[in-house]
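# Residue-level structure breakdown
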Amino acid sequence: MVFADPSGIRWAAGIALEGADGRAWPPEAWVLRTEEEAEGEDRHGPFRERRQHFRVEGWTAVRQWRVYADGAAAVRLIVRREAGPPLALRRMAVLTGLLEAPFPPTSWRFYQNGFHSWSFAGATAAAAADPRTRLGPFGAPMVFDVATPPGPPGLRRSDLVAALVLGPRALIVGQLTTADQFVKILLDGRHRPRLEVMAELDGLPIAPGEEIASEWIWVEAREASDPDPFGAYAAAVARAMGARGRLPAPAGWCSWYFYETRVRAEDVLENLAALAGRRDRLPVALIQIDDGFQAAVGDWLRPSPRFPEGVAPLAQAIRNAGFTPGLWLAPFLAWPEAPVARAHPEWLLRDEGGRPGSAGYNWYRWLRALDPTHPGVTDWLREVIHTVVHRWGFPYLKLDFLYAAALPGRRYDPRSTRAQALRRGLQAIREAAGEEAFLLGCGCPLGPAIGLVDGMRIGPDVAPHWAPRLFGLSRPFRQEPSLPAARNAIRNALTRAWMHRRWWWNDPDCLILRDRSTRLTEEEVRLLVTAVAISGGMVLDSDPVAWLPEDRLGLWAAGLPPHGRRPEILDLLERPFPQVVRLRGTLGGEPLIWIAFLNGEDRPLVRTWSLAALGVPDPAQGFAFWSREVRILQGAWTVRLPPHGAALWALRPARPGVRWWGSTLRIPPGLEVTTAVEAERAGRWTIALGRRAQGAVWLALPGSRPWVRWEGQPLDPAPVGPGIWRVTLTVQEGGLLEAGSETP
């Protein structure tokens, strides 16, 4: 089968099979016996299907290749054991072959999607090496799939989906169905470039007369400049897997990034009181207790001494105050000394030698993984989750370290793949929690969770420092891709933004806004706030609320509620840390476009864009949220940012008359304007905040006699430039702003 694109990209792809014992049936061993074509329709639309029938000694195979009207294709491989002894399979290549393009491989770029929440995602040179860690077995499970560790430079591997940028085109290859296998996309550019799509079978046994089907694979070519290159793929996955998305994302507070495991019941109550006292200014709903409430990891129903009465009374207090209680769990992990591990050693995932397998190192100990294919584990999970949600009263669960269920090892059910084991565990949790519970995945391999979780952490932990630090040291760990760091969290919030509201609510992780017990600079806080706000994802803060000065409290409030829109990352396929993000909206029936410029580098950024390349009206009226700059933009636009700096602009077509220009009431500015009527000499704008706030609004008011009224009361505008005036509003929930250039 040949996938060809008019640009000259050509991929002649065969099939292959590998046994767990090292035996292999390479592409050249398979003989294509017959082909047949048919037409049909599935959930993705009408298609033309070609079926290829292959044979090799002991095996037959059928590959289905469906081509849809837009040129995208879905491919599946089914292998059948015809003769010979039973054996275990390591993996099957649904597509494997040489890749040709009229562009030198040295110019190719590779968008790599890492294995789980914390894994690196982003575009790098195809000849580069996959991200590694200096932490060895201590940290490897928290960085990549330890079953398929990084290879040498030039051998690239992506999980779930990849994009290969070849000149002006991008080849998108991804897993369409995600419940049963992990799929790896491999690009071997060390010699003649070869592209492979491997379905991991994890030692699945097969006997004569049995067959195994791969997941469906999505293949399409798009323009590399497409601002949403994964859009069609992500929508297809959502259809195939029944992605969830109906529950609103709660905004709120999390205990972790200040209190960590030292959190006490008193700390939760203090922050509850602080939030209740600020409810009119800070409309949050969620108060989530993180790690530290439990006696041990794996011992979830027995409290820590710091929570002598347990967390159920706290849940009641949170509800009584009008908030939603949330709780952290790591359901597939256990400390070796936890009762669940001691009482039920048969529940633990085992290595090939029969010893308990390692799930990594944390909390100053090696961790154990529970095996969700064991019926005792799923029964225990259901009891824990039912207790937490329905007896204690926590309808929001943050489920962490979920990769543990998908580690390689010996399982109770030898016919379960790693992906199936994880999904089986998540299904048990969903059934026990109920459909109305909000489940947030974290540290989770992404594919098997689609359709079961409502939100997903899509990056590493944030931290009160820019670059990774460990043991008080920064330099040795600065390039670690998955350790907690503001840089790492922001990067993935951008590079996985395309998943948002297609598969779940993206969780970019918490804001850290305090001005003490932090190493974040003012510029880094602004970059973090900008990235979280424009991402449209969940908005939580993790500071002692009473510590926050008024200006930082205002930044948190200005991002509420999460707007839920999905931004476009305009340079997603160009660099590992994107620099320019676009979010589209309207105001008064006209385009309102927000552009965020982000500098993740340790050096200043000076770059010029054309307005056309940014998709911005030319000329445009612009308002910069952080600098409060107002200006007319035309043609080219040069942006200057300090290291770790950000700029956030609101842009509208430049036109004469009375115009809304910008504000500090919302991030991004303008989201608070629900209706606008603007004319040559007067305008009015309905503002809805849902909270009490004071902020400034910038208006274009031509003429020499401007007037402004807020809720019918006159205000004194202050001039800030030719025809541009600023007014300060005190808002109670919302109101009507009216302005003009003559006395009415």
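The rules behind the values
Residues numbered from 1 in each chain as written. Predicted model: local features only at pLDDT ≥ 70, side-chain atom pairs only at ≥ 80, totals over all residues. Heavy atoms only, no water. Core = buried A, V, L, I, M, F, W, Y, C linked by side-chain atoms within 4.5 Å. Buried < 20%, exposed > 50% of the residue type's maximum accessible area, 1.4 Å probe, protein only. Helix = DSSP H or I, 4+ residues; strand = E, 2+ residues; numbered from the N terminus. Contact = heavy atoms within 4.5 Å. Salt bridge = Lys/Arg side-chain N within 4 Å of Asp/Glu carboxyl O. Pairing = 2+ DSSP bridges. Axes fitted to C-alpha atoms, helices over the stretch in contact; angles between N-to-C directions. 1 Å grid on protein atoms, 1.4 Å probe; cavity = no way out; pocket = protein on both sides within 12 Å on 5 of 7 lines; lining within 4 Å. Points joined across faces, edges and corners; volume = space filled by probe spheres on them. Nonpolar A, V, L, I, M, F, W, Y, C, P; charged D, E, K, R; others polar.

### Overview of the nonpolar core
L327, L397, W498, W503, W504, W556 and W685 are the most contacted members of the largest nonpolar core, which has 198 residues in total. When residues of this core are assigned to their parent elements, the largest contribution, 9 residues, is made by strand 43 (residues 682-700). Counting residues in each nonpolar core, the second largest holds 45 residues, with M1, V173, L195 and I212 among its members.

### Details of the environment of L665
Here L665 shows up in the loop between strand 41 (659-663) and strand 42 (673-678). Apart from residues lying up to four places away in sequence, L665 is in contact with A558, E672, I687, L689, R691, A693, Q694, G695, V697, L729 and V731.

### Thoughts on the pattern of salt bridges
Following the criterion strictly, the structure yields 58 salt bridges and no others. Among the salt bridges present, the one from R415 reaches E210, with a minimum N-O distance of 3.6 Å. Placement of the pair is R415 in the loop between strand 28 (396-399) and helix 7 (418-433) and E210 in the loop between strand 16 (194-206) and strand 17 (211-213), with a sequence separation of 205 residues. The closest approach of N and O atoms between R692 and D280, which form a salt bridge, is 2.8 Å. Here R692 is found in strand 43, whereas its partner D280 is found in the loop between helix 3 (265-277) and strand 20 (286-289), with 412 residues between them in sequence. On the basis of relative accessible area, R692 is assigned to the partly exposed category, the value being 33%. One salt-bridge network, in which partners are shared between bridges, spans D145, D159, K184, D202 and R418.

### Details of the sheet that holds strand 23 (residues 324-329)
Think of a sheet as strands paired side by side through backbone hydrogen bonds, with each pair either parallel or antiparallel. Across the sheet, 8 strands lie side by side as 31-30-29-28-23-20-19-32; this open sheet has parallel pairing. Only two strands of the sheet have a single neighbouring strand rather than two, namely strand 31 (505-507) and strand 32 (540-541). Against the sheet, helix 4 (residues 312-320) contacts strand 20 and strand 23, and its axis sits at roughly 145 degrees relative to strand 23.

### A short note on empty space enclosed by the protein
Throughout the structure, instances matching the rule amount to 5 cavities of 30 Å³ or more. Looking at the largest cavity, its volume works out to about 170 Å³. Taken together, 19 residues make up the lining of the largest cavity; nearest its centre are Q112, P131, F144, R157 and D159. With 3 residues, the top contributor of residues to the lining of the largest cavity is strand 12 (residues 155-159). Taken together, the residues that form the lining of the largest cavity break down as 8 nonpolar, 7 polar and 4 charged. Roughly 90 Å³ of internal volume is contained in the second largest cavity. Residue lining of the second largest cavity: F115, D159, L160, Q175, T178, Q181, F182, V183, P445, L446, G447 and P448, and that is the complete set.

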